[in-house]
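Fold and geometry: a report
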Amino acid sequence: MLRGAGRVAAAGALAVVISACAPQAPDHSSWRDQAHLSVADVASNISTMSLVLRLVREGRMFGKYQQIVALNSETNAGRTTDHFSGEQPEPRDDRDYARVTTALSDASDLLSEVRIALVRRDEGEYAKLSRELAHMTTRLDRVETRVSAVNP
């Protein structure tokens, strides 16, 4: 049984653990700003992979470097997606939350597919993946426009 200072320390440690697990609950405006930044960040990683695939297809990027760039883009997008998914939207943002998190997750999945194809040197997949990256860029642009719209 804990006494005195030990009980206080244990209670403090429990409070830190509990607060560390609680989702962020930004206000409407802050949530929309975070959504905008998250979509823009993941879109940047999609653009990077589009460029990598184009350079690989043109024979202008070789070896492990393309795999490192692919892994970094995938990792960065995953971190952004995970962080944003932990945000607690206000009820009026639920529909946009679903739209944003689904798009971010789909983009992260696509980046994984591109990395896998690059590591396997599966050149037959590059053209299809390039088209999918272009489509994802358009989709993320639409999502970003939606969350950037003024919505009181």
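Read on for an overview of the structure. Given the structure is predicted, the values throughout are model-derived calculations rather than measurements. (Residues numbered from 1 in each chain as written. Predicted model: local features only at pLDDT ≥ 70, side-chain atom pairs only at ≥ 80, totals over all residues. Heavy atoms only, no water.)

**Thoughts on the pattern of salt bridges**
Summed over all chains, the structure comprises eleven salt bridges. Arg115 is the salt-bridge partner of Glu74, the closest N and O atoms lying 2.3 Å from each other. Taken as a pair, Glu74 in helix α3 (residues 63-85) and Arg115 in helix α4 (residues 94-120) lie far apart in primary sequence, 41 residues in all. The exposure class of Glu74 is buried, given its relative accessible area of 15%. Asp106 is the partner of Arg139 in a salt bridge, and the nearest nitrogen-oxygen pair spans 2.8 Å. Residue Arg139 is located in helix α5 (residues 126-148), and its partner Asp106 is located in helix α4; the two are separated by 33 residues in the primary sequence. The class of Asp106 is partly exposed, set by a relative accessible area of 29%. Residues participating in the shared-partner salt-bridge network are Arg32, Asp93, Asp96, Arg99 and Arg146. (Salt bridge = Lys/Arg side-chain N within 4 Å of Asp/Glu carboxyl O. Helix = DSSP H or I, 4+ residues; strand = E, 2+ residues; numbered from the N terminus. Buried < 20%, exposed > 50% of the residue type's maximum accessible area, 1.4 Å probe, protein only.)

**Quick word on the packing of aromatic side chains**
Across all of its chains, the model carries three aromatic pairs by this definition. With a centroid separation of 5.5 Å and 45° between ring planes, the pair formed by Trp31 and Phe84 is classed as tilted. With Trp31 in helix α2 (residues 28-57) and Phe84 in helix α3, this residue pair connects regions lying 53 residues apart in the sequence. Residue Trp31 is classed as buried on the basis of its relative accessible area, which comes to 0%. Through successive ring pairs, a cluster of aromatic residues spans Trp31, Phe84 and Tyr97. (Phe/Tyr/Trp six-rings, centres within 6.5 Å; stacked < 30°, edge-to-face > 60°.)

**Describing the nonpolar core**
It is characteristic of soluble globular proteins that their nonpolar side chains tend to be buried jointly. Counting residues in each nonpolar core, the largest one holds 32 residues, and the members touching the most others are Met49, Val100, Val114, Leu118 and Leu140. Broken down by element, the residue count for this core peaks at eleven residues, all from α2. (Core = buried A, V, L, I, M, F, W, Y, C linked by side-chain atoms within 4.5 Å.)

**Looking at unusual backbone geometry**
For Arg121, which is not a glycine, the phi torsion comes out positive at approximately 55°. When you line up the elements, Arg121 lands in the loop between α4 and α5.

**Describing the side chain of Thr101**
Among the secondary structure elements, Thr101 is positioned in helix α4. In this structure the side chain of Thr101 is engaged in a polar contact, spanning 3.4 Å, whose partner is the backbone oxygen of Ala98. Once residues lying within four places of it in the same chain are set aside, the contact partners of Thr101 are Phe84 and Ser85. (Polar contact = N/O pair within 3.5 Å; in protein donor to acceptor, adjacent residues only side chain to side chain. Contact = heavy atoms within 4.5 Å.)

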